[in-house]
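# Notes for the structure review
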Amino acid sequence: MLRSKRDREPLQKIHLKQALQEFPHALSVFPPSLIVKQLLSSFFSVFSVFSAFSVISVLIPLLFPPRVILSPKMEADIQFMQEALAEARSAAQAGEVPIGAVLVHDDRILARSNNRTIRDCDPTAHAEIVALREAARLLGNYRLADTTLYVTIEPCSMCAGAIIQARVPRLVYGADDPKGGAVRSCFEILSHSRLNHQVEVTSGVLAADCSAILQSFFAERR
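This section reports on the structure supplied with the text. Note that the structure is a prediction, hence the values are computed from the model and not measured. (Residues numbered from 1 in each chain as written. Predicted model: local features only at pLDDT ≥ 70, side-chain atom pairs only at ≥ 80, totals over all residues. Heavy atoms only, no water.)

### A closer look at the sheet that holds strand S2 (residues 108-114)
Note the threshold: We call two strands paired when DSSP finds no fewer than two bridges between them. A run of H or I in DSSP becomes a helix once it reaches four residues, and a run of E becomes a strand once it reaches two; helices and strands are each numbered from the N terminus. Simply put, an axis is a line fit to the C-alpha atoms, just over the touching stretch for a helix, and the angle between two N-to-C directions goes from 0 to 180 degrees. Contacts between residues were defined by any pair of non-hydrogen atoms, one from each residue, lying within 4.5 Å.
Ordered by their spatial adjacency, five strands build an open sheet running S2-S1-S3-S4-S5, and the pairing between neighbours is mixed. Strand pairing shows two members of the sheet lacking a second neighbour, S2 and strand S5 (200-202), which therefore form its edges. Each strand axis lies, on average, 20° off the axis of its neighbour in the sheet, ignoring direction. Pairing of strand S1 (residues 100-105) with S2 involves six bridges; the strand directions are antiparallel. Looking at the pairing, Val 104 lines up with Ile 109 of S2. On the sheet, helix H8 (residues 207-219) packs against strand S3 (147-153) and strand S4 (170-175) and is oriented at approximately 60° with respect to S4.

### A short note on the environment of Glu 134
Rule in force here: Think of it in three bands: residues with accessible area under 20% of the maximum for their type are buried, residues over 50% are exposed, and the middle band is partly exposed, with areas taken using a 1.4 Å probe on protein chains only.
With respect to the secondary-structure elements, Glu 134 resides in helix H6 (residues 127-139). On the basis of relative accessibility, which here comes to 28%, the residue Glu 134 falls in the partly exposed class.

### Structural notes on H8
For clarity, the threshold we go by: By this rule, a helix spans an expected 1.5 Å times one less than how many residues it contains. Here the arc refers to the set of directions running from the helix axis out to each C-beta atom.
Between its terminal C-alpha atoms H8 stretches 18 Å, which fits the 18 Å expected from 13 residues at 1.5 Å a residue. Restricting attention to buried positions, one finds in H8 the residues Cys 210, Ile 213, Leu 214 and Phe 217. Buried residues of H8 fall within an arc of 90° about the axis and therefore sit on the same side. Exposed side of H8, more than 90 degrees from the buried face: Ala 208 and Gln 215 are the residues found there. The inward-facing, buried residues of H8 contact helix H5 (72-93), S3 and S4.

Next comes the structure, spelled out in structure tokens:
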């Protein structure tokens with residue numbers, strides 16, 4: 001097959017700049033500046049939406065913190081433990097180890113007290129013991145049925161024994177006492193299987209506040 005002279009000539013390299021000069025209408029069809037603007041506009045639109053979503057997702061928990069839903073029983077435990085904490089603060093002001101207790105009967109405080117060992121010169125005058133004595137006197141019965149005892153610190157072995165003798169059905173306390181607690185830290189008197197009375201125990205209610213009062217009290221005396 002015969003080819004023309006033009007077909008037999010080697011192909012020449014076509015440069016993009018030269019092509020655009022030869023075909024000026026290409027700029028009008030694909031204007032680079034417009035394409036870049038559209039790409040940048042799309043990018044910043046997506047970025048701004050993402051940034052706004054990120055900011056909102058951070059601000060919502062701060063502006064509208066999730067509310068912890070408590071049962072009525074838990075709300076009552078917190079309320080009465082705050083009363084026990086008030087007793088503990090009164091003890092600290094009197095120079096006593098800041099432990100407070102309240103005994104609740106029929107959803108109201110029947111008796112309340114704090115440590116009085118120094119003021120009464122009585123080694124048994126712990127907050128729990130004093131509150132149990134007052135409650136028994138008011139009820140005219142040493143058996144304290146249908147009551148709940150709230151104490152800021154895990155009761156000692158003496159107070160745990162008194163709780164058993166008084167037949168208190170429920171105990172709520174704040175912080176554990178690793179050096180003398182008789183509920184679970186050192187002993188487990190209230191749940192001992194050989195005793196004729198076991199106590200329902202709820203621990204850790206406002207534990208940080210109960211522990212902070214004790215720590216602050218002893219820190220000031222070091």
